[in-house]
Amino acid sequence: MTTKEFIKKYDTENQVEVLKDSYKQIEYAWKNEFDLGKLVEKKFKSVVVTGLGGSAISGDVLQNFLHSEINVPFFVNRSYSLPTFANKQTLVIVSSYSGNTEETISVLEHAIKNKCEVICIGAGGKTEEMAKQFGFPFVKLEKGFQPRFALYINFFSLLKVFQKLNFIKPQDDVVEKIIALIKSKSLEYSSEENFAVETAKSLIGFIPIIYSAVDLTSAVGNRFKCQINENAKLNAFNNVIPELNHNEIIGWETFFEKQFAAKVVNILDKDYHPQIIKRFQITSELIEKVGVEIINLKSDQETFKERIFDLIYLGDWISYYLAVFRGQNPISIKNINILKERLAKE
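Residues numbered from 1 in each chain as written. Predicted model: local features only at pLDDT ≥ 70, side-chain atom pairs only at ≥ 80, totals over all residues. Heavy atoms only, no water.

Draft legend 1. Quick peek at the overall build of the chain. Each helix and strand in the chain was counted, giving 14 helices and nine strands. A globule of 346 residues ought to have a C-alpha radius of gyration of about 20 Å, and the chain, at 20 Å, matches this closely. Seen through its C-alpha atoms, the chain measures out along the principal axes to roughly 60 × 45 × 45 Å. Split into buried and exposed, the 346 residues of the chain put 53% on the buried side. (Helix = DSSP H or I, 4+ residues; strand = E, 2+ residues; numbered from the N terminus. Rg over C-alpha atoms; globule rule 2.2 N^0.38 Å. Buried < 20%, exposed > 50% of the residue type's maximum accessible area, 1.4 Å probe, protein only.)

Rendered as structure tokens:
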């Protein structure tokens with residue numbers, strides 16, 4: 001079958017069009033107007049972004065995206081409760097695309113008890129109701145997306161919040177460049193044969209082991225891992241250099257292909273510390289010696305921020321194609337739905 005035939009057969013809800021139109025989410029987020037009220041005048045000692053899954057990854061990406069710019073302690077929370085340091089001088093940004101994520105609602109209630117300052121981001125649901133009830137600013141997102149495919153509207157809404165609060169300098173120029181980049185890449189990756197298609201085909205039959213770099217591309221690696229999990233219904237694992245050089249690298253010493261069919265995907269960038277670059281090279285050489293193929297993903301865009309989104313978007317397409325080539329509907333999340341139903345009953 002051709003790529004288009006795989007898409008027609010297995011992408012029954014036409015998710016490919018959402019993926020192609022990801023740049024429109026960025027346009028919406030950046031044009032979207034919202035009022036943060038007196039919060040723009042306040043000084044915070046810490047910022048917590050709280051959420052799960054696709055609503056939390058935007059916080060991770062923001063940490064990479066602004067790694068050299070944020071000068072306030074910034075924590076991404078994935079729990080039912082706030083970290084113990086959260087208090088009146090903490091800004092809690094509640095991120096839930098559906099607005100009904102139970103862990104996130106629990107944290108919102110905790111933030112209210114702790115008298116934290118709160119901003120809510122989502123498409124509606126209970127978090128919007130609570131924001132109205134308690135007078136919190138609410139950043140309204142466009143409805144109709146699967147949360148994991150709403151990263152672009154989530155992230156750029158969060159980035160705009162940071163800009164409005166004067167945590168960072170204006171980002172308008174780089175946002176325009178990223179919109180143009182994603183628009184261009186959407187045409188490239190939706191063609192019959194392209195690098196995303198080739199990479200997805202090369203991963204069929206293997207478990208992807210994704211290696212990224214701490215602080216710079218860790219969110220890119222984790223995003224790619226999660227997209228493979230949810231879209232392709234396939235286990236994948238992510239770790240970061242240099243940490244993995246102090247433990248996981250030893251596991252490759254006794255690698256046996258018949259027990260574990262794996263391929264390693266390196267997320268690379270020219271801004272890595274020279275020693276990080278060397279670590280990737282040496283680690284890859286050691287892994288190749290035991291017969292494991294290395295796939296290197298790298299962007300050639302001008303700025304680090306453009307390269308981050310170039311790599312994220314590539315990973316989204318690879319995971320999408322890996323889904324349809326494996327005969328999987330990229331939208332289906334059966335086990336998550338089963339889990340939610342049982343949690344509600346038991």
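Here the narrative resumes.
Draft legend 2. Broad picture of the packing of aromatic side chains. Under the criterion given, the structure shown has 24 aromatic pairs. On the basis of an interplanar angle of 85 degrees and a centroid distance of 6.3 Å, the ring pair of Phe44 and Phe167 is categorised as edge-to-face. Taken together, the residues Phe44 in the loop between helix H3 (22–31) and strand E1 (46–50) and Phe167 in the loop between helix H7 (151–164) and helix H8 (172–189) connect sequence positions 123 residues apart. Classification of Phe167 as buried rests on a relative accessible area of 14%. (Phe/Tyr/Trp six-rings, centres within 6.5 Å; stacked < 30°, edge-to-face > 60°.)

Draft legend 3. The arrangement of the pairing of strand E7 (residues 237–241) in detail. When strand E6 (residues 207–213) meets E7, the two strands line up parallel, connected through five bridges. Within E7, the position partnered with Ile210 by the bridge is Asn238. Each parallel crossover has a hand, and the one from E6 via helix H10 (residues 218–232) to E7 is right-handed. (Pairing = 2+ DSSP bridges. Right-handed = clockwise from strand over helix to strand, strands pointing away.)

Draft legend 4. Highlighting the sheet that holds strand E9 (residues 294–298). Within the open sheet, the four strands sit side by side as E7-E6-E8-E9. Their pairing is parallel. This sheet does not close on itself; its edge strands, each paired only once, are E7 and E9. Strand-to-strand twist in this sheet, taken as the mean axis angle between neighbours without regard to direction, amounts to 25 degrees. Relative to the sheet, helix H13 (residues 304–325) contacts strand E8 (262–268) and E9, its axis offset from that of E9 by approximately 135 degrees. (Axes fitted to C-alpha atoms, helices over the stretch in contact; angles between N-to-C directions. Contact = heavy atoms within 4.5 Å.)

Draft legend 5. Focus on the sheet that holds strand E5 (residues 138–140). One open sheet accounts for five strands, arranged E2-E1-E3-E4-E5; its pairing is parallel. If you trace the sheet from one side to the other, it starts and ends with strand E2 (74–77) and E5, each paired once. Going across the sheet, the axis of each strand differs from the next one's by a mean of 15 degrees, ignoring polarity. For E1 and E2, the ladder comprises four bridges, and the chain directions are parallel. Looking at E2, one finds that Val47 is bridged to Phe74. Of the strands in this sheet, E1, E2, strand E3 (90–95) and strand E4 (117–122) touch helix H5 (residues 102–113), which is tilted by about 155 degrees from E3.

Draft legend 6. Spotlight on the packing of helix H9 (residues 195–203) against H13. At a closest axis distance of 8 Å, the pairing of H9 and H13 adopts a crossing angle of 55 degrees. Relative to H13, the element H9 is oriented oblique. When you trace H9 past H13, the crossing you get is right-handed. Counted together, Phe195, Ala196, Val197, Thr199, Ala200, Lys201 and Leu203 of H9 and Leu314, Trp317, Ile318, Tyr321, Leu322 and Phe325 of H13 form the full contact between these two elements. (Parallel < 35°, antiparallel > 145°, perpendicular 65-115°, else oblique. Left-handed = near helix turned anticlockwise from the far one by under 90°.)

Draft legend 7. Here's a closer look at the pattern of salt bridges. Going through the model one piece at a time under the given rule, you end up with 15 salt bridges. Ionic pairing is found between Glu69 and Lys305, a salt bridge with its closest N-O pair at 2.6 Å. Residue Glu69 is found in the loop between helix H4 (57–65) and E2, and its partner Lys305 is found in helix H13; the two are separated by 236 residues along the sequence. In this structure, Lys140 engages Glu128 in a salt bridge whose closest nitrogen and oxygen atoms are separated by 2.9 Å. Remark: Glu128 occurs in helix H6 (residues 125–134) and Lys140 occurs in strand E5; sequence separation between them is twelve residues. Judged by relative accessible area, Glu128 falls into the buried class, the value being 15%. Within the structure, one salt-bridge network assembled from shared partners comprises Glu128, Lys132 and Lys140. (Salt bridge = Lys/Arg side-chain N within 4 Å of Asp/Glu carboxyl O.)

Draft legend 8. The pairing of E4, seen in detail. Of all six residues in E4, five are buried; the element is thus mostly enclosed. Where E3 meets E4, five bridges bridge the pair, whose relative direction is parallel. If you follow Ser95 over to E4, its bridge partner there is Ile121. With respect to chirality, the unit in which E3 leads through H5 into the neighbouring parallel E4 is right-handed. In this structure, E4 lies alongside E5, joined through three bridges in parallel fashion. Residue pairing for E5: Ile121 is matched across the bridge by Val139. One crossover worth recording links E4 to the parallel E5 by way of H6, and it is right-handed.

Draft legend 9. Seen up close, the nonpolar core. In this structure, Phe156, Leu159, Phe162, Phe309 and Tyr321 are the most contacted members of the largest nonpolar core, which totals 100 residues. A per-element tally of this core places H13 first, with 15 residues. If you look at the next biggest cluster of nonpolar residues, it comprises 16 residues, including Leu82, Leu108, Ala131 and Phe136. (Core = buried A, V, L, I, M, F, W, Y, C linked by side-chain atoms within 4.5 Å.)

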